[in-house]
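The chain contents come next:
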Amino acid sequence: MTDRTRYLFTDGQFGREVTIISTLTAPPDRDIYLVNCNGAFTTGLQRQVAGKWENAWVASTNACFSQPIKVVAGARHTGTLIIRRGSGAVVNGRATDEALPPGTYRVIWHNVLTSYDPNDLTSRNELPIEQRVSAPIVLADR
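Residues numbered from 1 in each chain as written. Predicted model: local features only at pLDDT ≥ 70, side-chain atom pairs only at ≥ 80, totals over all residues. Heavy atoms only, no water.

Undergrad: So what exactly am I meant to see when it comes to the pattern of salt bridges here?
TA: Side chains carrying opposite charge are able to pair once their charged atoms draw close together. Overall, the coordinates contain four salt bridges when judged by the stated rule. R16 is the salt-bridge partner of D11, the closest N and O atoms lying 3.2 Å from each other. Here D11 falls in the exposed class, since its relative accessible area comes to 65%. Residue classification places R16 among the partly exposed residues on the basis of a relative accessible area of 31%. Note that K70 and D31 form a salt bridge whose closest N and O atoms lie 3.4 Å from each other. Taken as a pair, K70 in strand β9 (residues 69-71) and D31 in the loop between β3 (15-25) and β4 (32-34) lie far apart in primary sequence, 39 residues in all. For D31, a relative accessible area of 24% corresponds to the partly exposed category. (Salt bridge = Lys/Arg side-chain N within 4 Å of Asp/Glu carboxyl O. Buried < 20%, exposed > 50% of the residue type's maximum accessible area, 1.4 Å probe, protein only. Helix = DSSP H or I, 4+ residues; strand = E, 2+ residues; numbered from the N terminus.)

Written out as structure tokens, the structure reads:
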């Protein structure tokens, strides 16, 4: 979930920006594990285009692999996204020069695992996408 349903880009220190507070809730029947680097985990935005969700922006983090953040069943974990309008987006692993246009988006949490075994780092039991995305939100200029 997010702290609001509509966000306005405002003038920030580095240009037009918006801050989104996003909260992920673990399913009531299982713990989840957030892959992270020194506490920084990966969230992003998906944009609704012609009735489909497309990756639009992803937060960049360092490439280390810290002990996963465990979120016990039913508990919540909150993160802050600061999105700068003029910054390029990272889509499907490549940088673009496109800024985020106004529109309908949703927050997505990446690398959320349903189990973690430090002896088997190849298993990637990711939480289903429906359980790690927010309801639609609107990004607007006004």
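There is more to say, and it comes next.
Undergrad: What's the story with the packing of aromatic side chains in this structure? I'm lost.
TA: By convention here, two paired aromatic rings are described through the distance between centres and the angle between planes. The full count for this structure, using the stated rule, is two aromatic pairs. Between Y33 and Y116 the ring centres are 6.4 Å apart and the planes differ by 35°, which places this aromatic pair in the tilted class. Within this pair, whereas Y33 is found in strand β4, its partner Y116 is found in the loop between β14 (112-113) and β15 (137-140), the two being separated by 83 residues in sequence. Residue classification places Y116 among the partly exposed residues on the basis of a relative accessible area of 22%. On the numbers, 5.0 Å between centres and 10° between planes, the contact of F41 with W109 is stacked. Taken together, the positions of F41 in strand β6 (residues 40-41) and W109 in strand β13 (residues 103-109) put the pair 68 residues apart, joining distant regions of the chain. Note on F41: relative accessible area 16%, which makes it buried. Looking at W109, the relative accessible area reads 2%, which means it is buried. (Phe/Tyr/Trp six-rings, centres within 6.5 Å; stacked < 30°, edge-to-face > 60°.)

Undergrad: Would you explain the pairing of β3 in this entry?
TA: The side chains of a regular strand alternate, first on one face of the sheet and then on the other. Two strands pair when backbone bridges link them, and strand β2 (residues 10-12) and β3 are joined in this way by three bridges, in the antiparallel orientation. Bridge assignment links G12 to a residue of β3, and that residue is G15. In this antiparallel pair of consecutive strands, β2 and β3, the connection spans two residues. Judged from the nine bridges that link them, β3 and strand β10 (residues 76-84) form a sheet pairing that is antiparallel. Paired with S22 across the strands is G79, a residue of β10. (Pairing = 2+ DSSP bridges.)

Undergrad: What is the right way to look at the sheet that holds strand β1 (residues 6-8) in this model?
TA: Sheet strands line up and pair through hydrogen bonds in the backbone, either parallel or antiparallel. Strands sit in the order β1-β15-β13-β7-β8 across an open sheet of five strands; the sheet is mixed. Each edge of the open sheet is held by one strand with a lone partner, namely β1 and β8 (52-58). This sheet shows a mean twist of 35° between the axes of neighbouring strands, independent of strand direction. Where strand β7 (residues 43-49) and β8 come together, six bridges link them in antiparallel fashion. Paired with Q46 across the two strands is N55, which belongs to β8. (Axes fitted to C-alpha atoms, helices over the stretch in contact; angles between N-to-C directions.)

Undergrad: Got a minute to help me understand the nonpolar core in this structure?
TA: Nonpolar side chains tend to gather and get buried jointly when the protein is soluble and globular. The biggest cluster of nonpolar side chains holds 24 residues, and the ones touching the most others in it are I20, L45, I83 and L139. Put simply, the parts of the chain that give this core at least two residues each are β3, β4, β8, β10, β13 and β15. (Core = buried A, V, L, I, M, F, W, Y, C linked by side-chain atoms within 4.5 Å.)

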